[in-house]
Every structure is written in structure tokens, then in C-alpha cells.
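Listed here are the chains, written in short residue letters.
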Amino acid sequence: MRLTVGQALVRFLAAQWSERDGREQRFFPGCFGIFGHGNVAGIGQALLEYGEEMPYYMARNEQAMVHTASGFARMNDRLSTLACTTSIGPGATNMVTGAALATINRLPVLLLPGDIFATRPANPVLQELEDGRSHDVSVNDCFKPVSKYWDRINRPEQLPSALMAAMRVLTDPVETGAVTLSLPQDVQAEAFDWPEELFARRVWRIPRPLPEARDLDDACEALRSAERPLIVAGGGVIYSGATDALHAFAERTGIPVAETQAGKGSLAWDHPSAVGAIGATGSTAANALARDADVVVGIGTRYSDFTTASHSLFQNPGVRFVNINVARADAFKLGGTTVVADAREALTALDAALAGWTAPDAHRENARDLTARWNTVVDGAYALDHGDPPAQSRIIGIVNEESGPRDVVVCAAGSMPGDLHRLWRTRDPKGYHVEYGYSCMGYEIAGGLGVKMADPSREVFVMVGDGSYLMMAQELTTAVAEGIKLVVVLVQNHGYASIGNLSETVGADRFGTRHRVRTGTGLDGAPIPVDLAANAASLGADVLRATGADEFRAALRKAAASPRTTVVHVETDPLAPAPGSDAWWDVPVAETSERGATRDARARYDDAKKAQRRYL
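Residues numbered from 1 in each chain as written. Predicted model: local features only at pLDDT ≥ 70, side-chain atom pairs only at ≥ 80, totals over all residues. Heavy atoms only, no water.

1. Regarding the overall build of the protein
For the protein, the count of helices and strands is 24 helices and 23 strands. Against the globule reference of 25 Å for 616 residues, the protein gives a C-alpha radius of gyration of 25 Å, in line with a compact fold. Counting over 616 residues, the protein shows a buried share of 59%. Contacts spanning at least 24 positions in sequence make up 76% of the contacts within the protein whose residues lie at least 6 apart. Roughly 23,900 Å² of accessible area belongs to the protein as shown, and the carbon and sulfur atoms make up 52% of that amount. With 60 positive and 74 negative side-chain charges, the protein shows a separation of 2 Å between the mean positions of the two kinds. (Helix = DSSP H or I, 4+ residues; strand = E, 2+ residues; numbered from the N terminus. Rg over C-alpha atoms; globule rule 2.2 N^0.38 Å. Buried < 20%, exposed > 50% of the residue type's maximum accessible area, 1.4 Å probe, protein only. Contact = heavy atoms within 4.5 Å. Areas by Shrake-Rupley, 256 points an atom, 1.4 Å probe, with all protein chains shown as cover. Lys, Arg positive; Asp, Glu negative; His and termini not counted. Charge placed at Lys NZ, Arg CZ, Asp CG, Glu CD.)

Written as C-alpha cells, this is what we have:
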């Protein structure tokens with residue numbers, strides 16, 4: 001079959017499917033792209049010719065379209081994703097941040113950046129990096145450290161093996177992340193005689209590895225000896241579809257369940273065993289239980305520093321860890337007993353093996369009491385009468401109360417992810433979508449677009465602060481163009497609230513975190529007279545302005561009822577009080593300073609550092 005490399009690539013991608021538990025779905029139901037001289041005549045022409053097989057979506061920012069693909073993949077439990085194509089040069093390097101986000105979060109995305117001429121007829125071409133060390137170096141080499149697989153297709157003959165390797169990585173729950181196939185622009189347009197079997201329908205089965213019997217025995221032995229056990233549910237619980245198994249296991253054994261950012265929604269917030277978020281952005285209930293836990297069962301978690309509060313949270317001198325994870329590297333963390341297996345299969349086997357055993361009644365009662373007290377704190381944060389502008393917790397509470405059980409909240413960076421982790425009451429495993437592996441400013445709207453594309457039946461509430469909005473709001477236009485409805489809650493607090501809070505804790509007094517006009521003494525003048533609501537309207541979205549909590553609730557209801565993408569703009573007070581977590585995060589403080597606030601912060605840091613533990 002004689003096709004160009006671009007045409008062969010598109011035809012191959014259209015024929016790839018994934019399967020788990022007997023359910024098959026297209027692995028690439030579409031391709032995002034922005035065209036330039038490096039891909040318009042190759043992949044661009046192919047997408048035009050084979051548009052029925054591979055729908056094309058026009059993005060407005062290259063980084064954003066990778067975020068959209070990541071949001072789509074996460075919502076689909078990594079069983080389906082979107083491809084992304086760009087021209088050479090800045091179009092390609094704009095995707096590097098998106099690639100890093102996907103790889104860190106272990107989300108499959110396929111990146112197809114154009115590259116310089118393989119045949120080198122007219123070096124340097126437009127946007128080519130001239131590197132005196134080698135004519136084979138281009139800016140696309142930047143993708144190597146943030147890709148799980150990287151290849152440059154310098155000859156058509158190289159394409160089939162590269163495509164198979166790419167699919168192997170993309171469909172592997174352990175190895176998945178960004179995959180980059182760098183495509184020289186002349187090679188994209190080159191014709192070649194391909195074997196027809198390259199374009200046959202191919203189904204990639206996603207396995208469910210079973211736990212080893214001896215590993216299961218070790219896990220059971222640890223739990224049977226536990227007096228104060230705790231489960232830490234990570235993203236792997238949701239990706240593996242293990243939420244029902246966790247529900248049954250927790251209900252039968254009575255072990256309290258805390259949740260990471262990625263694992264939030266593993267249990268409904270009001271399940272008897274649910275104790276809320278854990279770590280630096282966690283609940284006081286989960287963190288109190290973590291401090292006393294003698295056995296911690298981590299299920300599908302990477303144990304990031306926020307989750308483990310920089311190794312200072314688990315303070316029981318004899319604490320032991322049992323780690324259930326499909327990735328062996330994560331299962332070995334914190335010197336834990338390892339169960340390398342699919343989360344659903346491991347939980348089912350563990351439940352059967354522990355038949356008859358339950359957590360001690362006193363421990364269960366303590367967990368319920370701590371959680372009840374925390375829920376009272378959340379009630380207070382939702383109803384906080386702070387006046388105008390309202391507190392951020394009040395805005396979050398209104399969105400939570402007005403959203404439906406299956407609706408999705410999307411966020412990524414700033415102060416809101418911490419507040420959402422602590423305060424959001426999740427009712428559905430897919431109802432909470434906060435990107436906190438990379439915590440990338442600008443992810444929110446683009447990621448929300450991917451979430452909605454993955455499941456149009458759900459209402460998607462994107463919560464974004466003014467700092468993140470200023471980073472990347474262009475995909476509002478894409479949502480409008482495609483008729484994809486989002487509700488965007490744009491919270492204006494005139495600065496970087498999260499880093500402002502952190503700045504104070506390290507003795508830097510919110511330096512460089514407020515959006516203010518420069519005066520003779522620095523950036524300490526009046527708020528910059530920006531109108532982000534007008535900006536959103538200029539991008540094609542409907543806009544509602546709200547002043548105060550009551551107006552915000554009314555506007556949110558109107559936005560939810562609308563069939564169009566609607567931005568609800570509301571101002572909040574960045575200094576309004578919010579509940580704390582009673583956990584510590586290791587952010588080093590200057591060891592010497594002429595400023596008293598910094599010296600005081602260093603003294604607090606040195607004191608907190610004493611509780612930090614090191615694990616093998």
C-alpha cells in the first residue's frame with residue numbers, strides 16, 4: 001500500500017484499540033494540532049485525507065493541547081488518549097511542559113512534533129536550531145528527558161518499529177507517559193510501500209497482574225498484627241477501577257481510608273471508612289490517624305512529598321508499610337512490604353485472605369470521631385461569612401453544593417488545589433480531577449476540555465485562579481469552536497495566593513506574589529487594572545460577573561443551565577482564613593538573614609525538620 005509517512009501514521013493510529021475486562025475502545029479517537037511548515041504538508045495533509053478515520057481538532061496553544069490529551073486520558077483511566085501534532089521549532093518546544101506533566105502523572109499522550117529536514121537540502125531551515133556539535137540535533141531532543149519513549153523517524157522504513165514501540169509504552173500502566181515521535185518534515189511527505197498488515201485493526205490488551213501468594217501472605221501478616229491500620233488510596237485505585245473493591249474491603253474490615261490528590265474519590269466522602277485527604281493539603285482527621293498508624297497500606301500511590309508530608313507525617317516508631325502497586329518501583333518505597341499487582345485484583349485477594357479479621361473497634365471509633373469533627377470544620381468553611389469579597393472556601397462550598405453527584409471539578413495550581421483536597425466532598429470516583437503531580441499553572445481550562453470530551457454526559461466545573469488564567473486561557477476558544485460546554489469559575493484574588501501564603505511561612509512576606517502596579521518602592525501599588533472577564537468574553541465564552549456569595553450562586557446556576565461555555569467571574573479575599581492540615585511540608589528556609597521574619601521562619605523550620613524520618 002503506497003502512502004506517505006504522514007498518511008501511514010494516521011492510518012495506523014486510527015486502527016489501534018485498547019481492551020480491558022472485555023471492553024474495547026479506540027485508543028486514539030482524535031488528533032489535536034496546530035499546523036506550520038513542519039507538519040502541514042505531511043501529517044496535516046493526511047488528517048485532511050483521512051478525517052473520517054481520525055478526526056482533527058484545532059488547538060490554540062501547543063502546551064494546552066497536550067494538557068487536553070492528558071485530561072482526556074485520565075478521565076478514560078488511561079485506556080484512551082489523543083494524539084498531538086505541531087510544526088517544528090517553537091510549536092514543538094511548546095509541548096515540552098505538557099510532556100513533562102503527562103509523564104510525571106503517568107498519563108499516555110502521543111506527541112508528533114515536526115522536525116528539520118532529514119535530507120538536509122537547505123540547512124538551516126526556518127526555526128532550525130544550528131548545533132555545531134551535530135547536524136542531527138534539533139530542539140526536539142528536549143523531549144528526551146520528559147518522554148517515556150522517544151524516536152526520530154529519519155527514514156520511512158523506521159516507522160513501523162517505532163509505532164509498535166510507542167504503543168507498547170502507551171498501553172503499559174507502569175511505563176506509560178508521554179511518547180514522542182519526531183518527524184522530519186521531508187520524511188512526513190515521502191511515499192513508501194507499506195505492508196497492509198500495518199493498518200489492520202490491532203487490540204492492545206491491558207493486563208491485570210495478580211499478586212504473588214507469598215507477597216499476599218506478608219501483607220496479611222502485617223495487617224493481622226495491626227492495632228491502628230490506615231489505607232492511603234492513590235490514583236491507581238481509580239485507574240484500575242478498584243473503587244468497588246476498596247469500598248467492600250473498607251466496609252468489611254473497618255480500616256480508615258485516606259486519599260491522595262490523585263486518589264480522591266476512591267470512596268465517597270460520607271462512606272463510614274472515609275477520613276478525607278492526607279498530607280500537607282490533607283484533613284486533620286486523616287493526618288492524626290497517619291501519625292499514630294502502625295501499619296499503612298498504600299494502594300496505587302507514588303508517596304509524593306505532599307502525600308507523605310516530607311516523611312514527617314507517619315510518626316509511630318514501629319510503623320510498617322504495605323504497598324500495593326502495579327509499578328514495582330513504587331511498591332518498594334518507604335521500605336515497605338511489596339505487593340506488585342493490579343489494585344483491584346490485589347484488594348479482592350487481600351479481602352478473601354483476611355476473612356474474619358477487622359480493625360479494632362476502638363480504632364474505628366476514633367476514626368469516626370476525628371472525621372465527624374473534621375466534617376464540622378468543612379461545614380464551617382463552606383458557610384464562612386467573611387463578607388465581600390468572600391473567602392475562597394465559601395466559593396468552593398457553593399460549587400460543591402450546586403454541582404451534581406456525577407459532575408467533575410477540575411483544577412491544577414495555586415491555593416485552590418490544597419483547599420479542594422481538604423474541603424471538596426467527592427461523590428463519584430471521576431468527580432475530582434486535580435492535576436497535582438506537576439501542579440502546572442494553565443492546565444485547568446485545557447484539561448477541563450479533555451475531561452468533557454472524554455465524558456460529555458457530565459457537567460465539568462473548571463476552577464481557575466487569576467494567576468493560572470493569565471498563563472493559559474486560549475482553549476476557551478477551542479471549546480466554543482467545538483461546541484463543548486464548560487463552566488469556568490474564574491477566581492480573581494489579584495495575585496499568586498498559594499505562593500503568597502508559602503512566602504509568609506518562609507519569612508519572605510509575600511514578596512513578588514501580588515499583582516500590583518510598580519511604585520517607587522516596588523510592586524506595591526494598586527491592583528493592576530486587568531479585566532479578565534472581558535478577556536474571557538473576547539475569546540468567545542459567555543461571561544457572568546458576580547459580587548459576593550449570593551450573586552455567585554445565582555450566576556453558577558445560570559451557567560450550569562446554559563448549553564454554552566460560560567465563565568463566572570468572582571473576586572475573593574486571598575487573606576481569608578482557611579482550615580489547616582496539621583502537617584508539614586519541607587520547603588527550605590534561608591539559613592542566614594538580616595530579616596527577623598526570615599530568622600524566625602528558619603528556627604521553625606529547624607524544629608520541624610527534627611520530626612522528618614528517612615526510609616530505605
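There is more to say after this.
2. A short note on the packing of helix H3 (residues 62-75) against helix H5 (residues 96-104)
Between H3 and H5, the shortest axis-to-axis distance is 7 Å and the interhelical angle comes to 20°. Taken together, the axes of H3 and H5 lie roughly parallel to each other. By crossing handedness, the relation of H3 to H5 is classed as right-handed. Contact residues: Gln-63, Val-66, His-67 and Ser-70 in H3; Thr-97, Gly-98, Ala-99, Leu-101 and Ala-102 in H5. When grouped by side-chain class, the residues that make up the contact of H3 with H5 number four nonpolar, five polar and no charged. (Axes fitted to C-alpha atoms, helices over the stretch in contact; angles between N-to-C directions. Parallel < 35°, antiparallel > 145°, perpendicular 65-115°, else oblique. Left-handed = near helix turned anticlockwise from the far one by under 90°. Nonpolar A, V, L, I, M, F, W, Y, C, P; charged D, E, K, R; others polar.)

3. Observations regarding a nonpolar patch on the surface
On the surface, Met-471, Tyr-496 and Ile-499 cluster together into a nonpolar patch covering about 270 Å² of accessible area. With respect to the helices, strands and loops of the structure, Tyr-496 is situated in the loop between strand E21 (487-492) and helix H21 (497-505). Residue classification places Tyr-496 among the partly exposed residues on the basis of a relative accessible area of 31%. (Patch = residues over 30% accessible without salt bridge, like charges linked within 9 Å, V, L, I, M, F, W, Y side chains within 5 Å. Salt bridge = Lys/Arg side-chain N within 4 Å of Asp/Glu carboxyl O.)

4. Digging into helix H10 (residues 243-253)
Residues lying three or four places apart along an α-helix face the same way, a consequence of the helix completing one turn every 3.6 residues. Taken as a whole, H10 has its buried residues at Thr-243, Ala-245, Leu-246, Phe-249, Ala-250 and Thr-253. All buried residues of H10 fall inside an arc of 155° around its axis, so they share one side. Phi turns positive, to about 75°, at Gly-254, one or two residues after H10. (Arc of directions from axis to C-beta.)

5. A short note on the pairing of strand E9 (residues 178-184)
For E9, the buried fraction is high: seven of the seven residues fall into the buried class. On E9, burial covers both faces: Ala-178, Thr-180, Ser-182 and Pro-184 on one face and Val-179, Leu-181 and Leu-183 on the other are all buried. As paired strands, strand E7 (residues 109-115) and E9 are joined by five bridges and run parallel to one another. Opposite Leu-110, over in E9, you have Val-179 as the bridge partner. (Pairing = 2+ DSSP bridges.)

6. Regarding a negative patch on the surface
On the surface, Asp-385, Asp-388, Asp-550 and Glu-551 cluster together to form a negatively charged patch. Along the chain, Glu-551 falls in helix H23 (residues 548-561).

7. Comments concerning the environment of Asp-305
Mapping Asp-305 onto the fold places it in helix H12 (residues 305-308). Sequence separation of Asp-305 and Leu-159 is 146 residues, and the distance between their C-alpha atoms is 40 Å. A polar contact is formed between the side chain of Asp-305 and the side chain of Trp-585, at a distance of 2.8 Å. (Polar contact = N/O pair within 3.5 Å; in protein donor to acceptor, adjacent residues only side chain to side chain.)

8. Some points on the packing of aromatic side chains
In the structure shown here, the tally under the stated rule is ten aromatic pairs. Seen in terms of ring centroids, Tyr-303 and Phe-321 are 6.0 Å apart; in terms of plane orientation they differ by 85°. Their pairing is edge-to-face. Placement of Tyr-303 in the loop between strand E15 (295-299) and H12 and of Phe-321 in strand E16 (residues 320-325) is noted, with a sequence separation of 18 residues between them. Of the two residues, Tyr-303 and Phe-321, both sit in the buried class. (Phe/Tyr/Trp six-rings, centres within 6.5 Å; stacked < 30°, edge-to-face > 60°.)

9. Topic: unusual backbone geometry
In this chain, Asn-123 is followed by Pro-124 through a cis amide linkage whose omega measures -5°. Along the chain, the position of Pro-124 falls in the loop between E7 and strand E8 (149-152). Residues Asp-388 and Pro-389 are joined by a peptide bond in cis, for which omega reads -5°. On the secondary structure map, Pro-389 appears in the loop between helix H15 (361-382) and helix H16 (392-402). The phi angle at Tyr-303 is positive, at roughly 55°, despite the residue not being glycine. Judged by its relative accessible area of 7%, Tyr-303 is buried.

10. What about the side chain of Ser-240?
Mapped onto the elements, Ser-240 comes out in the loop between helix H9 (235-239) and H10. Look at Ser-240 and you get buried, because its relative accessible area is 5%. Looking at Ser-240, its side chain comes within polar contact range of the main-chain oxygen of Gly-236, at 2.9 Å. Setting aside residues up to four positions removed in sequence, Ser-240 forms contacts with Arg-20, Arg-208, Asp-342, Ala-343 and Arg-344.

11. A look at the side chain of Thr-307
Note on placement: Thr-307 falls in helix H12. On the basis of relative accessible area, Thr-307 is assigned to the buried category, the value being 9%. Every residue in contact with Thr-307, bar those within four places of it in the chain, is listed here: Val-232, Thr-260, Ile-278, Gly-279, Thr-301 and Leu-313.

12. A short note on the state of the cysteines
Note: disulfide means a covalent bond formed between the sulfur atoms of two cysteine side chains. Scanning all chains against the criterion turns up zero disulfides. Cys-31 takes part in no disulfide bond, and the closest cysteine sulfur, belonging to Cys-84, lies 6.7 Å away. On the basis of relative accessibility, which here comes to 3%, the residue Cys-31 falls in the buried class. The thiol of Cys-142 is not disulfide-bonded; the next cysteine sulfur, from Cys-440, is found 16 Å away. (Disulfide = S-S within 2.5 Å.)

13. Let's talk about the pattern of salt bridges
The final tally for this structure, using the stated rule, is 37 salt bridges. Ionic pairing is found between Glu-53 and Arg-11, a salt bridge with its closest N-O pair at 3.4 Å. Here Glu-53, found in the loop between helix H2 (40-49) and strand E5 (56-58), pairs with Arg-11, found in helix H1 (residues 5-14); they are 42 residues apart in sequence, far enough to count as distant. Between Lys-485 and Glu-459 there is a salt bridge; the shortest N-O distance is 3.1 Å. Note that Lys-485 is positioned in the loop between helix H20 (475-482) and E21 and Glu-459 in the loop between helix H18 (443-454) and strand E20 (460-465), a separation of 26 residues in sequence. By relative accessible area, which is 9% here, Lys-485 ends up buried. Taking relative accessible area as the criterion, Glu-459 reaches 16% and is therefore assigned buried. When salt bridges that share partners are traced, they join Asp-21, Arg-208, Asp-342, Arg-344 and Glu-345 into one network.

14. Brief notes about the environment of Pro-145
Examined against the element boundaries, Pro-145 turns out to sit in the loop between E7 and E8. Taking the relative accessible area as the measure of exposure, Pro-145 reaches 71% and is therefore exposed.

15. A few points about helix H14 (residues 343-353)
Of all the positions in H14, only Ala-343, Ala-346, Leu-347, Leu-350 and Asp-351 are classed as buried. The buried residues of H14 occupy an angular sector of 130° when the element is viewed end-on, so they sit on one face. Summarising the contacts, the buried residues of H14 are in contact with helix H8 (213-224), H9, H10, E15, E16 and strand E17 (337-340). Capping the start of H14 is the job of one residue whose side-chain oxygen sits 3.1 Å from the backbone nitrogen of Arg-344: Asp-342.

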